[in-house]
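Residues per chain, in single letters:
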Number of protein chains: 2
Amino acid sequence: MATISDVARAAGVSASTVSYVLSGRRPISAGTRARVEAAIAELHYHPHAGARALASSRTNVLALVAPLRVDVSVPVIMQFVTAVVTAARRFSHDVLLLTKDEGTAGLERVAGAAMVDGLIVMDVERDDIRVPALRRLKQPAVLIGLPDRPGDLTCVDLDFTATGYECVRHLAGHGHRRIGLVGPGPGVYQRGTSYATRFLSGFSDAAAELGLAVAVHACEPSFSGVGDCLRRIEAELPDLSALVVHNEEALAPLLELLRGSGRRVPEDISIVAVCPRDVALALPVRLTSADIPAHEVGTLAVEMTMGLLDGGRRPETRLLAPTIIDRDSCRTLP
Amino acid sequence: MATISDVARAAGVSASTVSYVLSGRRPISAGTRARVEAAIAELHYHPHAGARALASSRTNVLALVAPLRVDVSVPVIMQFVTAVVTAARRFSHDVLLLTKDEGTAGLERVAGAAMVDGLIVMDVERDDIRVPALRRLKQPAVLIGLPDRPGDLTCVDLDFTATGYECVRHLAGHGHRRIGLVGPGPGVYQRGTSYATRFLSGFSDAAAELGLAVAVHACEPSFSGVGDCLRRIEAELPDLSALVVHNEEALAPLLELLRGSGRRVPEDISIVAVCPRDVALALPVRLTSADIPAHEVGTLAVEMTMGLLDGGRRPETRLLAPTIIDRDSCRTLP
DNA sequence: TTGAAAGCGATACCAA
DNA sequence: TTGGTATCGCTTTCAA
């Protein structure tokens with residue numbers, strides 16, 4: 001492999017000049033720049049990442065911690081991952097993928113070894129042990145999610161509290177007064193996953209304010225799990241007219257079960273789903289949904305990380321306002 | 001951050017001794033080792049990855065190129081990614097995640113900059129332009145998939161030709177003589193994705209050998225797409241008794257459509273799916289399936305990469321024999 | 001506008 | 001069993 005000295009020699013300049021041509025940190029005459037660039041192309045020169053990291057204390061790599069084997073919707077995870085990788089490339093950064101399983105150790109390993117310039121952490125729990133660990137690192141971190149005590153860590157997420165609230169308001173606005181909530185899997189609540197509790201509290205607050213009757217149950221994302229959940233909800237709240245579904249995996253089985261039992265959507269029962277747009281559109285009924293803006297959140301997470309790195313940005317928490325898109329699964333009651 | 005000299009000073013030894021304690025590349029007396037390890041723990045010392053890469057020409061990072069936004073089943077991709085990341089950690093390696101969109105440029109960037117020790121590439125096409133590019137790199141590469149001319153690149157995959165063959169044989173063994181194939185999305189065939197053509201050729205060969213009537217159609221993974229596909233297949237092949245489905249996303253809509261049109265599985269129509277075990281089990285009918293061993297393939301890809309790195313292993317192509325698991329969607333005809 | 005040279009923090013060879 | 005030191009390839013300060 002060609003080194004910077006090889007390029008310098010070929011261009012008839014010093015190594016530092018080549019470095020400055022590459023970084024643009026000082027003015028270079030047009031002629032010199034041209035010769036250096038020609039030499040670079042000629043030799044297929046790529047700066048050595050390790051050497052660069054050693055000399056500059058910058059790696060141009062971000063760590064992304066993703067939940068790679070849990071009860072979170074896989075397509076949603078992939079949307080976040082894709083958004084982060086794509087956005088990172090726009091800032092000339094690559095992405096090192098860590099699994100959530102590795103816990104605190106993974107963070108400390110890649111940060112301690114100076115493998116990354118910053119970290120982005122998904123699937124944050126209310127009392128996440130990784131939060132204090134992240135605070136100790138010298139690299140900036142951005143959480144996708146919102147722990148109970150973020151301290152001065154930067155967070156970005158959909159405002160799930162407002163989302164829960166708006167789902168109920170939307171249905172109430174259409175005349176519904178008895179509403180069931182098909183929640184995430186029980187494991188999600190047990191782990192204290194932040195978005196689940198926030199959504200639930202917004203949902204409950206709205207129901208209380210508006211004087212609606214509600215029933216809430218966690219839901220295993222399988223056919224039998226959805227059946228159980230539905231039975232429990234209906235036992236607790238007979239004659240409900242609408243369901244809010246905060247569980248992407250449950251949507252297809254739910255629609256199938258309803259059809260099997262002869263209930264039409266939305267004529268007999270209305271549904272508001274919380275899911276990304278494409279999931280809402282991929283089902284047999286085009287679902288009215290509160291959008292999970294995974295792409296936007298992932299992109300913002302990268303932009304905020306880069307802002308922290310430049311020193312241009314202060315830590316903050318950014319919660320995106322919900323958007324409810326009316327499609328074909330929500331009916332107005334007389 | 002503490003450096004190796006800090007540790008050396010604290011332990012009263014030289015920097016090289018600390019390095020050897022860490023690498024185990026030469027014998028160290030018990031006492032010295034203990035003092036060095038104490039100092040390491042005390043100072044929370046982590047070797048600097050960049051410095052290490054520069055001195056040793058090893059990064060302990062693998063690149064993984066994944067199709068992050070195409071018509072390949074997202075859960076399957078995630079299974080590969082998870083398997084690769086998990087296996088890599090067992091070899092003390094981290095994973096840099098690249099998107100397929102970046103094409104050849106991404107490979108050349110991370111390899112040229114010596115950011116990675118090896119590369120694993122998913123979603124390989126028959127005449128993939130990345131294949132010649134990979135051959136030029138000095139780092140070893142492993143393909144998940146099988147291009148037409150792999151040259152001396154290492155490949156690992158399910159033997160899709162045999163899988164297509166066995167799906168037909170399985171059905172024929174149950175008395176079926178008119179079989180439809182619900183294929184992947186049209187884009188998959190158009191791109192010349194390797195596994196799709198291989199599966200199809202095995203499928204066709206078996207049908208020809210056994211004298212069966214077949215109809216084959218690509219399938220958009222949506223409700224309307226599955227409906228179209230099914231209509232086309234039935235127009236071409238009335239009275240078919242079985243379907244082979246090589247398209248994970250089409251499975252749920254297909255089952256729903258069949259039910260809607262009053263055909264029971266397997267009483268009226270048999271199905272053999274090509275998908276990972278958990279997908280086959282997550283649907284309302286437990287599907288007889290040819291397993292896609294994503295975890296095994298991903299793990300093997302990492303092991304083969306490490307073998308190439310040690311110099312212990314020669315380039316080879318490894319195709320895993322198919323396994324058909326009989327569940328509840330395949331009936332024996334009288 | 002450019003060059004020279006001092007690090008950055010490890011590894012591994014050569015000695016002892 | 002251990003230490004000294006050249007070296008990896010780049011960035012950046014100091015000088016010209």
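Conventions we followed
- Residues numbered from 1 in each chain as written.
- Chains lettered and ligands numbered in written order.
- Predicted model: local features only at pLDDT ≥ 70, side-chain atom pairs only at ≥ 80, totals over all residues.
- Near = placed C-beta within 6 Å.
- Helix = DSSP H or I, 4+ residues; strand = E, 2+ residues; numbered from the N terminus.
- Nonpolar A, V, L, I, M, F, W, Y, C, P; charged D, E, K, R; others polar.
- Contact = placed C-beta atoms within 7 Å.
- Core = buried A, V, L, I, M, F, W, Y, C linked by C-beta atoms within 7 Å.
- Buried ≥ 20, exposed ≤ 12 C-beta atoms within 10 Å, placed from the backbone.
- Pairing = 2+ DSSP bridges.
- Axes fitted to C-alpha atoms, helices over the stretch in contact; angles between N-to-C directions.

**Remarks on the protein's contact with DNA strand D**
Neighbouring DNA strand D are 28 residues, the closest being Ile4, Ser16 and Ala55 of chain A together with Ser16 and Pro27 of chain B. Sorting the residues of the surface near DNA strand D by element identifies helix H2 (15–23) and helix H4 (49–56) of chain A together with helix H2 (15–23) and helix H4 (49–56) of chain B as the ones contributing at least two each. Sort the elements by how many residues they give to the surface near DNA strand D and H2 of chain A lands first, with six residues. Of the residues in the surface near DNA strand D, the class split is 14 nonpolar, 11 polar and three charged.

**Considerations on the interface of chain A and chain B**
On the side of chain B, 33 residues touch chain A, which itself brings 33 residues to the contact. Breaking the side of chain A that touches chain B down by element, the ones donating at least two residues are H4, helix H5 (74–90), strand E2 (94–99), helix H6 (103–112) and helix H12 (248–260) of chain A. The dominant element in the side of chain A that touches chain B, judged by the number of residues it contributes, is H5 of chain A, at six residues. In terms of residue class, the side of chain A that touches chain B is made up of 21 nonpolar, nine polar and three charged.

**Observations concerning the nonpolar core**
Side chains of nonpolar character tend, in soluble globular proteins, to be buried together. Membership of the largest hydrophobic core comes to 194 residues, with the highest contact counts inside it found for Val84 of chain A together with Val84 of chain B. Other than its neighbours up to four places away in sequence, valine 84 of chain B contacts Leu64, Val95, Ile120, Gly298, Ala301 and Val302 of chain B.

**A look at the sheet that holds strand E5 (residues 154–158) of chain A**
Sheet architecture is open: 12 strands sit in the order E11(A)-E5(A)-E4(A)-E3(A)-E1(A)-E2(A)-E2(B)-E1(B)-E3(B)-E4(B)-E5(B)-E11(B), paired in mixed fashion. What marks the edges here is a single partner per strand, and that holds for strand E11 (317–320) of chain A together with strand E11 (317–320) of chain B. On average, each strand axis in the sheet is tilted by 20 degrees relative to the strand beside it, whichever way the strands run. Where strand E4 (residues 141–144) of chain A and E5 of chain A come together, three bridges link them in parallel fashion. Each bridged residue has a counterpart across the sheet, and for leucine 143 of chain A the counterpart in E5 of chain A is cysteine 155 of chain A. Where helix H6 (residues 103–112) of chain B meets the sheet, its contacts fall on E2 of chain A together with strand E1 (61–66), strand E2 (94–99) and strand E3 (118–121) of chain B, and the angle it forms with E2 of chain B comes to roughly 150 degrees.

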